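Geometric and topological summary
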Amino acid sequence: METEFHFDVVVIGAGHAGCEAAHAAARLGARTCLITMDMNKIAQMSCNPAIGGIAKGQIVREVDALGGLTGLVTDATAIQFRMLNRSKGPAMWSPRAQCDRARFITTWRQHLENTENLSIWQDEVAEIIAENGAVSGVRTVWGAIFHARAVVVTAGTFLNGLMHIGRKQVRGGRCAEPAASFLTASIESFGIRSARMKTGTPVRIDARSVHFDEMTEQPGETDYHRFSFISPLRPLPQLPCWTCDTNAEVHETLRQGLADSPLYNGQIQSIGPRYCPSIETKIVTFPDRDHHPLFLEPEGLDTNELYLNGFSSSLPMNIQIAALKKIPCFRDLVIYRPGYAIEYDFFDPTQLKHSLESKILEGLFFAGQVNGTTGYEEAAGQGLMAGINAALKCGDSEPLVLHRDEAYIGVLIDDLVTKGVDEPYRMFTSRAEYRILLRQDNADVRLTPYAERLGLASEERSKRFHAKKEIVGETVDYCQKLSVKPSQINSYLESLGTTPLSGGSKLVELVNRPQVKLVEIAENFPELRDKFAALTTDKEEIIEAAEIEMKYAGYIARERVLADKMQRLEAIKIKGRFNYNELKQLSTEARQKLTAIDPETLAQAGRIPGVSPSDVSVLLVLLGR
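Everything numeric in this text was worked out from a predicted model, so none of it was measured.

**Let's talk about the pattern of salt bridges**
On inspection of all chains with the given rule, the structure shows 49 salt bridges. The residue E177 makes a salt bridge to R174 at a minimum N-O spacing of 2.8 Å. Assigned by exposure class, E177 and R174 land together as buried. Between R404 and D415 there is a salt bridge; the shortest N-O distance is 2.8 Å. With R404 in the loop between α9 (376-394) and α10 (408-419) and D415 in helix α10, the pair connects residues that are 11 residues apart, well separated along the chain. Pair check on accessibility: R404 and D415 agree, each one buried.

**Comments concerning helix α8 (residues 317-324)**
Turning to α8, its buried residues are I319, Q320, A323 and L324. Along the axis of α8, the buried residues cluster in a sector spanning 125 degrees; they form a single face.

**Observations concerning the state of the cysteines**
Taken as a whole and judged by the stated rule, the model has 0 disulfides. There is no disulfide at C47, and the cysteine sulfur nearest it, in C276, is 6.4 Å away. C47 sits in the partly exposed class, given a relative accessible area of 22%.

**Quick word on the sheet that holds strand β3 (residues 32-36)**
Across the sheet, which stays open at both edges, the 5 strands sit in the order β7-β3-β2-β11-β21 with parallel pairing between neighbours. Across the chains shown, the open sheet's two edge strands, defined by having one partner strand only, are β7 (118-122) and β21 (364-366). Direction aside, neighbouring strands of the sheet carry axes that sit 20 degrees apart on average. Of the strands in this sheet, β2 (9-12), β3, β7 and β11 (150-153) touch helix α1 (residues 16-27), which is tilted by about 165 degrees from β3. Along the sheet, α9 makes contact with β2, β11 and β21, crossing β21 at roughly 170 degrees.

**Considering the sheet that holds strand β10 (residues 145-147)**
Read across the open sheet, the 4 strands follow the order β1-β10-β9-β8; overall the sheet is mixed. Here the strands that pair on one side only, and so sit at the sheet edges, are β1 (4-6) and β8 (125-131). Neighbour-to-neighbour, the strand axes of the sheet open up by a mean angle of 25 degrees, direction not taken into account. One ladder, built from 3 bridges, connects strand β9 (residues 134-140) with β10; its direction is antiparallel. Bridge pairing in β10 links G137 to H147.

**Some words on the packing of aromatic side chains**
Evaluation of the coordinates by the stated rule reveals 10 aromatic pairs. Between F5 and W121, the ring centres sit 5.1 Å apart and the planes meet at 55 degrees, which makes this aromatic pair tilted. Note that F5 is positioned in strand β1 and W121 in strand β7, a separation of 116 residues in sequence. A residue is classified by how much of its surface remains accessible, and W121, at 30% relative accessible area, is partly exposed. Ring pairs connect the aromatic residues F5, F7, W121 and F146, which therefore count as one cluster. Its guanidinium or amino end placed over the ring of F229, R61 lies 3.8 Å from that ring's centre, counting from NZ or CZ. The ring of W93 carries R86 above its face, with NZ or CZ at 4.5 Å from the centroid.

**Focus: helix α6 (residues 248-256)**
Every α-helix carries 3.6 residues per turn, so stepping three or four residues along brings you back to the same face. Among the residues making up α6, those that are buried are V250, H251, T253 and L254. Looking straight down α6, one finds that the buried residues subtend no more than 160 degrees of arc, so they occupy a single side. Looking at the buried residues of α6, the elements they touch are α7 (279-285), β18 (305-312) and α8.

**Remarks on the environment of L162**
With respect to the element layout, L162 can be found in strand β12 (residues 162-165). Of the residues examined, L162 reaches a relative accessible area of 17% and is grouped as buried. Those residues in contact with L162, other than ones at most four positions away along the chain, are Q169, V170, R171, G172, R196, A341, I342 and E343.

**Focus on a nonpolar patch on the surface**
There is a patch of nonpolar side chains on the surface, built from V141, W142 and F182 and spanning about 390 Å² of accessible area. On the basis of relative accessible area, V141 is assigned to the partly exposed category, the value being 38%.

**Brief notes about the packing of α1 against α9**
Between α1 and α9, the shortest axis-to-axis distance is 7 Å and the interhelical angle comes to 30 degrees. One way to sum up the angle between α1 and α9 is to call them roughly parallel. The element α1 and its partner α9 pack so that their crossing is right-handed. Where α1 abuts α9, its residues H16, A17, E20, A21, A24 and A25 lie against Y376, A379, A380, G383, L384, G387, I388 and A391. Looking at the contact of α1 with α9 residue by residue, the class counts come to 10 nonpolar, 3 polar and 1 charged.

Scoring rules and cut-offs
- Residues numbered from 1 in each chain as written.
- Predicted model: local features only at pLDDT ≥ 70, side-chain atom pairs only at ≥ 80, totals over all residues.
- Heavy atoms only, no water.
- Salt bridge = Lys/Arg side-chain N within 4 Å of Asp/Glu carboxyl O.
- Buried < 20%, exposed > 50% of the residue type's maximum accessible area, 1.4 Å probe, protein only.
- Helix = DSSP H or I, 4+ residues; strand = E, 2+ residues; numbered from the N terminus.
- Arc of directions from axis to C-beta.
- Disulfide = S-S within 2.5 Å.
- Pairing = 2+ DSSP bridges.
- Axes fitted to C-alpha atoms, helices over the stretch in contact; angles between N-to-C directions.
- Contact = heavy atoms within 4.5 Å.
- Phe/Tyr/Trp six-rings, centres within 6.5 Å; stacked < 30°, edge-to-face > 60°.
- Lys NZ or Arg CZ within 6 Å of the ring centre and 35° of its normal.
- Patch = residues over 30% accessible without salt bridge, like charges linked within 9 Å, V, L, I, M, F, W, Y side chains within 5 Å.
- Areas by Shrake-Rupley, 256 points an atom, 1.4 Å probe, with all protein chains shown as cover.
- Parallel < 35°, antiparallel > 145°, perpendicular 65-115°, else oblique.
- Left-handed = near helix turned anticlockwise from the far one by under 90°.
- Nonpolar A, V, L, I, M, F, W, Y, C, P; charged D, E, K, R; others polar.

Dropping the structure here:
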């Protein structure tokens, strides 16, 4: 007799997507069960133990603003923090942190085990159970049945995972961990399409074998920036990273192994990530380059294990080791394990609604790498949204859908369900047409109101959010109204090398000068200086937010106008209103793509590859607009 359990939401897989999904669903009051094959690997960082990066950091800030945990866990376990792109405008600033891998896992597990309404079960899900076109639960390999109104699949790289090192192949979802062998077939049985993708990871190095004095040290930053809007300053000691370069000898050694490379001998057929290529792909794609940069990064405070960023590889292990020993700082190299590639199943994300619910099987949600994405951050953002919407589904409530002008998470999901993927999807700032609106500094302004409405925002988060918003508004208003005389400010302006005033000016006009810092100019105006001095929490972040609002007000306003214009098309619902195959006014490609995607709105239709502006105009005319 099978053992049966009853929940509202079941989450399959405890990676970054699964952890956020389970936490969000439980916080919304849904009785939630997180099923994982290994409770000791919850939130495992399968590749680099780092969170954030270009555009990815913005996603983590958004997850935090919505009440997710990735930002808080990252700050608590960070061993090096950097704000990338500081030489560019604030729309491009992206936080990144190297984390202590072991502490990251234990901190996430501690949070989950103490989340009300959340249970954890160690097992492998083998089957999705459905009745009358809707999911009703799952069955595990050990015969346990979990009844649920919603199921979230966040299986990462485990679905029929196959690892490659040279000509050697081993089934598994990660090094030394078994693959999930049954779930794909169960999902496919409902008519949901799957395909294969590939990713890889580099060698892990023993620090005792490295000549650090022959590398360039890369220190982190110790200022006030962080991932969570409510976390304290980073508690752990901060460690450096190191850089070096490959050389011509390294490349020649690597070429000797290409005949046994799974990427070039036909062994791997699936597509790998364009923007994180293996070292063998680099030397083939750029044959004239005699060097490539490598970054040696710590895996934790209490380990000698180091991660070699830039050297992802599935070449034979003897080739990997021999090539690295051609770099002077690695001449005595000792490794813990070689790099490897992994192939795995994913599901075409155009089969999903914007809520991340399947269009084919009601109540089945997908998030993370099973949707064709790559990266912990993209997974966390999807997991959070899938968990929220799974819980809302159980309560018969409307789903939460973020638009492209509201969040990078909105851009990510819209890209997936509208355009699909033909390679592992990675977020970049260039993918967001409204990136001036989607800055890392204002993620709370954009999204915390949603968290409050849903009940995901803690009392502490709400309190600090409203205090920050009020002070930023007051500061901007003060600077817009205050008239400044030359005698009050010229000595400061001259010290910066910027043109002194010849007459009166509003303070905001001075703040808008690139050389002027708000925190410095405030020293000349007692009311503003005292306001800043009175701040006890989030002082630097509040001042920075106010300064950005003023310096970039024109750009922000212009982009807001463009976004509002596009939002009018988002308001025009077209799902179910056309039989596209009958509309001969449309191009053949447009008819095919619109039929396949079945977009919700006219704006989404316009973003589908193959649907031209003239096709959108035809639809507008047919709608009588």
